[in-house]
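Understanding the architecture of this molecule
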Amino acid sequence: MTLVLIRPAGELMIKSSYVRKYFLRKLIANVSSVITVKSWKADQGYVIIEGEGDINKLSHVFGISYYYTADEVNFSSTQELAVMAREKFKEIVKGKKFAVRVRRNGKHNFTSLDVAREVGKELLPFSSGVDLDNPEVVVRIDILQNKAYLYSEEREGPRGFPVGSTGKTIVLFSGGIDSPVATWMMMKRGARPLLLNVMLGGDIQKKIIIEEAKVLREWSGVEKIKVYFVDGIKLSTYLANVNKFIRVIMLKRLMYKLADELGKKSGAYSITTGESLSQVSSQTMKNLFVSEFGISRPVFRPLIGMDKEEIVEIARKIGTFELSSKMPEYCIISSKNTVRARLGEVLEDENKLNIDIKELLSQAEVVEI
Ligand SMILES: Nc1ncnc2c1ncn2[C@@H]1O[C@H](COP(=O)(O)OP(=O)(O)OP(=O)(O)O)[C@@H](O)[C@H]1O
């Protein structure tokens, strides 16, 4: 059995005690999906877990700032603690420049610096000296009242809120580079994503999307991810009669309407897209206004202010970039697209289409990952 310490994201810990407990329960549920949790307790900004498994997997659990394994010791004086720290760390600092970092919670008649000095003095003879700025090894001690946790390596978590803690969002998911990143960013804020794809590209597109959803699933803890595949070819036949300059905007409106309807059915209160301002002609401010006009759910666009390089960097980090790059160009609805669609004209043409969004959605194929 290993002792795992988690420092939850700061945002989570400043909530009122009731709300904090809610978030912590979600966090532990998601942690339990990647390691075995035998027991856990929350103590002054820490979650202390007795468990086992591969703790590297905690790097994919939102809501964690830092995580590490540690030894727990009881102590009654700083001298006693320094001796215990010497026994644990003397081999690790051997021949190395080291630093001692102490964090302290609770009431004590000593400071963190007092402990760092005493531990430093004990370890000095085994090491090649103290270097506070560029140490080769760091000796770390977290003090919680009369207990101390000794460790040398702390790992950074992804921060954010636990997935599933802040509600569901319908993601318009094309499977290109942007929408997986937008999904991940909403998951980072605790949202559980339901992916909606308007299938215009056939089996290869579908296969890639499922693979991308599997990558995102590695970040979603206990929450499964559903993908809804809507028949896009059927949808595009309706668009054949629409003026080619507004065809793409019309398609976008229909996608938003599908997402709104799915949100109604599944209790999701928002829609997420991978749009970034003016990246392509359908993403000008005017066209975004026309696309989402009359949609009842708020549309979240986590990438709105990012450029392509920034988006690609995140896609690489989360592991979706390779898959997105394999996405073939599919069925061009129109290559001529206005940058300033007129709302009146679009709404008028939309009325003539007479598309049954509910029926289209009810025929969607659903894959759960
Ligand atoms: N076939 C589709 N099914 C569902 N949503 C889509 C589809 N195509 C586009 N979208 C949504 O519209 C957004 C903008 O798509 P667009 O094709 O204009 O730009 P993009 O830069 O290619 O986006 P992405 O990289 O996500 O494919 C996408 O991020 C996604 O949210």
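Calculation notes
Residues numbered from 1 in each chain as written. Predicted model: local features only at pLDDT ≥ 70, side-chain atom pairs only at ≥ 80, totals over all residues. Heavy atoms only, no water. UniProt positions renumbered as here; feature names shortened; annotations may be inferred. Helix = DSSP H or I, 4+ residues; strand = E, 2+ residues; numbered from the N terminus. Buried < 20%, exposed > 50% of the residue type's maximum accessible area, 1.4 Å probe, protein only. Polar contact = N/O pair within 3.5 Å; in protein donor to acceptor, adjacent residues only side chain to side chain. Contact = heavy atoms within 4.5 Å. Pairing = 2+ DSSP bridges. Axes fitted to C-alpha atoms, helices over the stretch in contact; angles between N-to-C directions. Near = heavy atom within 4 Å. Nonpolar A, V, L, I, M, F, W, Y, C, P; charged D, E, K, R; others polar. Salt bridge = Lys/Arg side-chain N within 4 Å of Asp/Glu carboxyl O.

An unreviewed UniProt entry lists the chain under the name Probable tRNA sulfurtransferase, with Stygiolobus azoricus as the source organism. A UniProt comment under Subcellular location (unreviewed entry) is attached to the chain, and it reads "Cytoplasm". We quote the UniProt Sequence similarities (unreviewed entry) comment for the chain here in full: "Belongs to the ThiI family."

1. Quick look at the side chain of Glu350
Relative to the assigned elements, Glu350 resides in helix H12 (residues 343-353). Judged by its relative accessible area of 11%, Glu350 is buried. Side-chain polar atoms of Glu350 contact the side chain of Lys257, separated by 2.7 Å. Leaving out residues up to four positions away in the same chain, Glu350 has contacts with Met250, Arg253 and Lys257.

2. What to know about unusual backbone geometry
With phi around 40°, Gln44 is a residue other than glycine that occupies positive phi space. Along the chain, the position of Gln44 falls in the loop between strand E2 (36-43) and strand E3 (46-52). On the basis of relative accessible area, Gln44 is assigned to the partly exposed category, the value being 36%. Despite not being glycine, Ser278 shows a phi value in the positive range, around 65°. Residue position: Ser278 is located in the loop between strand E13 (271-272) and helix H9 (285-292). By relative accessible area, Ser278 is classed as partly exposed at 49%.

3. Some details on the sheet that holds strand E8 (residues 147-151)
Judged by pairing direction, the sheet is mixed, and its four strands sit side by side in the order E5-E8-E7-E6 without closing on themselves. Each of the sheet's edge strands pairs with one partner strand only, and the pair in question is strand E5 (71-74) and strand E6 (98-105). Strand-to-strand, the axes of this sheet are offset by a mean angle of 20°, without reference to chain direction. In this structure, E5 lies alongside E8, joined through four bridges in antiparallel fashion. Bridge pairing links Val73 to Ala148 in E8. Contacting E5, strand E7 (137-144) and E8, helix H3 (residues 78-89) crosses the sheet at an angle of about 25° to E8.

4. Notes on the UniProt feature "domain: THUMP" (unreviewed entry) in the chain
When the UniProt feature table is mapped to this numbering, "domain: THUMP" (unreviewed entry) covers residues 52-154. Taken end to end, residues 52-154 comprises 23% helix and 31% strand; its first and last C-alpha atoms sit 17 Å apart.

5. A word on the site of the ligand
The environment of the ligand is made up of 21 residues, and the closest members are Leu172, Ser174, Asp178, Ser179 and Gln279. Contact distances for the ligand include 2.4 Å between an oxygen atom and a side-chain N or O atom of Ser174. Measuring from an oxygen atom of the ligand, one finds a backbone N or O atom of Asp178 at 2.8 Å. Of all the secondary structure elements, the ones that give two or more residues to the shell around the ligand are helix H5 (178-188), strand E11 (192-199) and helix H8 (247-266). In terms of residues, the shell around the ligand owes the most to one element, E11, which gives three residues. For the shell around the ligand, a count of residues per class yields eight nonpolar, nine polar and four charged.

6. Considerations on the pattern of salt bridges
According to the stated counting rule, one finds 24 salt bridges in the structure shown. The partner of Glu350 in a salt bridge is Arg253, and the shortest N-O contact between them spans 2.4 Å. Taken together, the residues Glu350 in helix H12 and Arg253 in helix H8 connect sequence positions 97 residues apart. Under the relative-accessibility criterion, Arg253 is labelled buried at 3%. For Arg301, the salt bridge identified is with Glu292, shortest N-O distance 2.8 Å. Owing to a relative accessible area of 15%, Arg301 belongs among the buried residues under this scheme. Overall, the relative accessible area of 26% leaves Glu292 in the partly exposed class. Here the salt bridges share partners, and the residues they tie into one network are Arg86, Glu87, Lys90 and Glu122.

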